[in-house]
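Per-entry structural report
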Amino acid sequence: MAGRKQHFIPQYLLRNFEASKTRKESQVVVYKKGAQPYTTSTKGVAAQRDFYSPPADGSEATLDDIITTFESESFNPALDRLIATQSGDLVDSDLASVVIVHLSIRAAHTRGSFAQLACGLFTQFEDALSDPNKLRKLMDVDSDAPDSKTITEIAQTLDALGAGNLPTKERRQLERIIRFKFREKFDLLAPSVTSDALTQLTAIRDALPKLIEKGHLAALQKSLSPDERLKALERLQWRVISVDAPAHVLLPDCVAVVANSDGEMSPFTMASNEDVALVAMPISATQILVGSLRPQIPEIESLNLTLAKCSMDFFVSSVESAELEVLQAHIGEAINSFTDDLIADESPLTQPLTTPATDKQQSKMLRVNFASAADKNAQLIKAIHSVIAEQFGGCETDGIHSILVAQDVPNEVARMRGGPLSPYDVALATNGTVEVFTTSAEAPLRIIVSTKMARLLLSKQPQSLKDGSNQLRFLLGRAIFFNAWFANIEPALQTRQFTERVRATLEGTRRFLAHIYASKAVASFMDGEDMHRAELASANDLSIALNMLHAACQQFPVHGNVEFLLADVFPATDLLLTTIAGYCSLKTAKSLDLEPSSAVCQLITDAGLQDWLRLFDRDLREQIELINRPSPSLPALLIMAEHVERIMWQFGIFMSDTEEGRTWIDVKSEVELAGIRQILNS
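All figures in this text were calculated on a predicted structure; none of them were measured in a lab.

**A word on the overall build of the chain**
- The secondary structure content of the chain amounts to 24 helices and 19 strands.
- Relative to the compact-globule value of 26 Å for 682 residues, the chain shows a C-alpha radius of gyration of 35 Å, a clear excess of over 25%.
- Evaluated residue by residue, the chain yields a buried proportion of 50% over its 682 residues.
- The contacts in the chain between residues at least 6 apart in sequence include a share of 73% that link residues at least 24 apart.
- On the chain, roughly 32,300 Å² of surface is accessible, and the fraction owed to carbon and sulfur atoms is 53%.

**Focus on the packing of helix 2 (residues 63-83) against helix 3 (residues 93-106)**
- Look at helix 2 against helix 3: their axes get within 10 Å of each other, and the N-to-C directions meet at 135°. In terms of axis orientation, helix 2 runs oblique to helix 3. Seen along the crossing, helix 2 lies across helix 3 with a hand that is left-handed. Residues I67, F70, E71, F75, A78, R81 and L82 of helix 2 form the contact with helix 3, whose own contacting residues are L95, V98, V99, H102, L103 and R106.
- Residue composition of the contact of helix 2 with helix 3, grouped by class: nine nonpolar, one polar and three charged.

**Brief notes about the environment of R455**
- Within the fold, R455 resides in helix 16 (residues 451-455).
- Judged by its relative accessible area of 46%, R455 falls in the partly exposed class.
- Remark: the alpha-carbon pair of R455 and K214, spanning 241 residues in sequence, is separated by 81 Å.
- Setting aside residues up to four positions removed in sequence, R455 forms contacts with D375, L380 and Q407.

**Side note on the packing of helix 19 (residues 528-559) against helix 21 (residues 599-606)**
- It is the contact of helix 19 with helix 21, at a shortest axis distance of 8 Å, that shows an interaxial angle of 20°. Judged on the interaxial angle alone, helix 21 and helix 19 are roughly parallel. Here helix 19 runs over helix 21; the crossing is left-handed. For the pair helix 19 and helix 21, the contacting residues are E535, S538, A539, L542, S543 and L546 in the first and A599, V600, L603 and I604 in the second.
- When the residues that make up the contact of helix 19 with helix 21 are grouped by side-chain class, the tally is seven nonpolar, two polar and one charged.

**A word on the pattern of salt bridges**
- Counted under the stated rule, the structure contains 41 salt bridges.
- As a salt-bridge pair, K466 and D530 come within 2.8 Å of each other at their nearest N and O atoms. With K466 in helix 17 (residues 462-494) and D530 in helix 19, the pair connects residues that are 64 residues apart, well separated along the chain.
- Residue K466 is classed as partly exposed on the basis of its relative accessible area, which comes to 23%.
- A relative accessible area of 6% means that D530 is categorised as buried.
- Its salt-bridge partner being R533, residue D467 comes within 3.2 Å of it at the nearest N-O pair. Of this pair, D467 sits in helix 17 while R533 sits in helix 19, and the two are 66 residues apart along the sequence.

**Remarks on the packing of aromatic side chains**
- For the structure shown, the criterion picks out 11 aromatic pairs.
- When the centroid spacing of 4.9 Å and the interplanar angle of 85° are considered together, the rings of F51 and Y52 count as edge-to-face. Exposure class is identical for F51 and Y52. Each is buried.
- We note R473 situated over the ring of F525; from NZ or CZ to the ring centre the distance is 3.5 Å.
- Geometry around F654 places K668 over its ring, the cationic atom sitting 5.3 Å from the centre.

**Let's talk about the nonpolar core**
- The biggest cluster of nonpolar side chains holds 89 residues, and the ones touching the most others in it are L576, I580 and W612.
- If you tally residues by element for this core, the top one is helix 20 (residues 562-589), at 11 residues.
- Sequence-distant contacts of W612, that is, excluding residues within four places in its chain, are made with F180, E184, L576, L577, I580, I604, H643, R646 and I647.
- Ranked by size, the runner-up nonpolar core spans 50 residues in total, among them V28, L103, L217 and L236.

**A look at the pairing of strand 7 (residues 237-242)**
- Bridging between strand 6 (residues 90-91) and strand 7 involves two bridges; their strand directions are antiparallel. Bridging across to strand 7, V91 finds its partner in W238.
- Strand direction decides the pairing type here: strand 7 and strand 12 (residues 287-292), joined by six bridges, are antiparallel. Residue pairing in the sheet places Q237 in a bridge with S292 of strand 12.

**Digging into the environment of G661**
- Relative to the helices and strands, G661 resides in the loop between strand 18 (653-657) and strand 19 (663-667).
- When the C-alpha atoms of G661 and V502 are compared, they prove to be 9.8 Å apart, with 159 residues separating the residues in sequence.
- Apart from the residues lying within four places of it in its own chain, the contact partners of G661 are T499 and E500.

**Observations regarding the sheet that holds strand 14 (residues 367-370)**
- Here we have four strands laid out as an open sheet, ordered 14-15-17-16, and mixed in their pairing. Here the strands that pair on one side only, and so sit at the sheet edges, are strand 14 and strand 16 (432-436). Shown here is a sheet whose adjacent strand axes are inclined to one another by a mean of 25°, direction ignored.
- Pairing between strand 15 (residues 400-406) and strand 17 (residues 445-450): six bridges, direction parallel. Bridging from a neighbouring strand, I403 pairs with I447 of strand 17.

**Re the sheet that holds strand 6**
- With respect to topology, six strands assemble into an open sheet ordered 6-7-12-11-9-10, the strand pairing being antiparallel. Among the strands making up the open sheet, the edge pair consists of strand 6 and strand 10 (265-267).

**Considering the side chain of T578**
- As for its position among the elements, T578 is in helix 20.
- Side-chain polar atoms of T578 contact the backbone oxygen of L575, separated by 3.2 Å.
- Those residues within four positions of T578 in sequence are excluded, and the remaining contacts are R511, F512 and H515.

Thresholds, definitions, all that
Residues numbered from 1 in each chain as written. Predicted model: local features only at pLDDT ≥ 70, side-chain atom pairs only at ≥ 80, totals over all residues. Heavy atoms only, no water. Helix = DSSP H or I, 4+ residues; strand = E, 2+ residues; numbered from the N terminus. Rg over C-alpha atoms; globule rule 2.2 N^0.38 Å. Buried < 20%, exposed > 50% of the residue type's maximum accessible area, 1.4 Å probe, protein only. Contact = heavy atoms within 4.5 Å. Areas by Shrake-Rupley, 256 points an atom, 1.4 Å probe, with all protein chains shown as cover. Axes fitted to C-alpha atoms, helices over the stretch in contact; angles between N-to-C directions. Parallel < 35°, antiparallel > 145°, perpendicular 65-115°, else oblique. Left-handed = near helix turned anticlockwise from the far one by under 90°. Nonpolar A, V, L, I, M, F, W, Y, C, P; charged D, E, K, R; others polar. Salt bridge = Lys/Arg side-chain N within 4 Å of Asp/Glu carboxyl O. Phe/Tyr/Trp six-rings, centres within 6.5 Å; stacked < 30°, edge-to-face > 60°. Lys NZ or Arg CZ within 6 Å of the ring centre and 35° of its normal. Core = buried A, V, L, I, M, F, W, Y, C linked by side-chain atoms within 4.5 Å. Pairing = 2+ DSSP bridges. Polar contact = N/O pair within 3.5 Å; in protein donor to acceptor, adjacent residues only side chain to side chain.

Here is the structure:
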């Protein structure tokens, strides 16, 4: 009958790693994680009280009795045959497979590794529940994928509430409103729902070890050598490889290790059945059982390191040495690699992405041209170059053609575009602008500055000089972003098919993202007084934008022309978003939070957009780095593009896609808008 101290690695195997002998007992050297090596009898190694089962209370055999019988009748004779095999000789695959599968499945490593992985997973969930950013990712809050958790839940909830009979377009609009509102409110709602979830998760985590133990025992009761594991090994060629003294191999607590087709090693218990290229199991201090798809002999030194890494708590050896103490420090690394963070944590980065300058670019500055030869001024060119050198380190950036100084910037822009500008474009271009020529064979960007603004660079008044320099820095910042957009983002967009609606929102996104980088370029040169003036300017522009939106919506019932409406709404939305983008960027650059009592935030609150502002600010901080890569994240870009439509929703204007990919505009009545705002402002 088996005893209460039950070995999960048989003594019959442990004795093959004998370091010494006391009386009739074999001694092995144990290297335990976080402890000094020690020599002890095999009776006390890899054993635990009632590991498989308590003593029998009747005539029925316990699990430990069954395993003990299997050892004496099957395992021990099989191990003897393997030990007696000449080095390099082939071994019967059925014999080798049974030995490895049986030892691996019964070991404490199996139980412990799954418990550690499960507890690690629950720790990640607890961490996610405690961190709104990670929880957002876990719940797909910001994903617009049709199968995301949030969108699926919204659809199911609407169906349960009887919204299944709504026309497709109205149903889609409702789903988008609810999803966006959920995004806006999520960080505020999360704490109220996570407390109970954390309590439940903690209780489940505490119960996991016992649950996993029960599952392990049930699997062993079913089979001591599962067929699916055996089949994965039977297709390998098996050999016993001997090593010459003084070389030796250690025995890990996982018993065997496996390499996949990419050469990645892991404990056998944690490997997939589908991708097994090599398996190695030490059967004595000088012999290794090796199975592989092609003849392959592991290198002993690297194998011992792998065996140590794949151990969870300990390994045993026939020798005590400094070299093995070095390997001892690696115990548990393989398990830890499985329990690394399961939720990626992207760090926002708001530095603009520039195209690396070539040697040719470093040798010259941007050209400065004058619309009127009478305005040409060598000192002014030098002053402009001084600001450029400070901004760019003295090199020309790829994609920027030149800087043009003009008395009438709107007139120059109209001449370049070949037609008159809208009143909004005239207002934007008055002090200066960046013109984009996507069809140009030359560099596509031209910076145009007003003569009045440029002459501030020659002013003897410090504040005027600073104002002129900052206005030029702002335009240079926009040029940097547009350069990056056309070098990295636009090519990625060209690979996708977008509807007119999405294209329109992406165009708006390009414009307000440029303001982020432009404001960033200026922020480090601004003091407290400059920030105050910028706050007042932002509040003024925001007030104009909101008044334009209100006026456009009030006039629509009179003229009923959607094109007239959009001619007013698009510029107003653009002004609102670029103003807020620049405002948030300045706050971020100065490590300042949004101030609810500020003039800008008060205007936003009065418009019912306070929740949107918090989300917009968050998205700017979280998504910019993903967008601003050589291979930009299109999902992150589309997340930002949604904000264009969100502003229009607040005023009852909805865009949707027709079957042909065209844009359909719905303008809600006052009654309909009241219901929509009840959701948006809730």
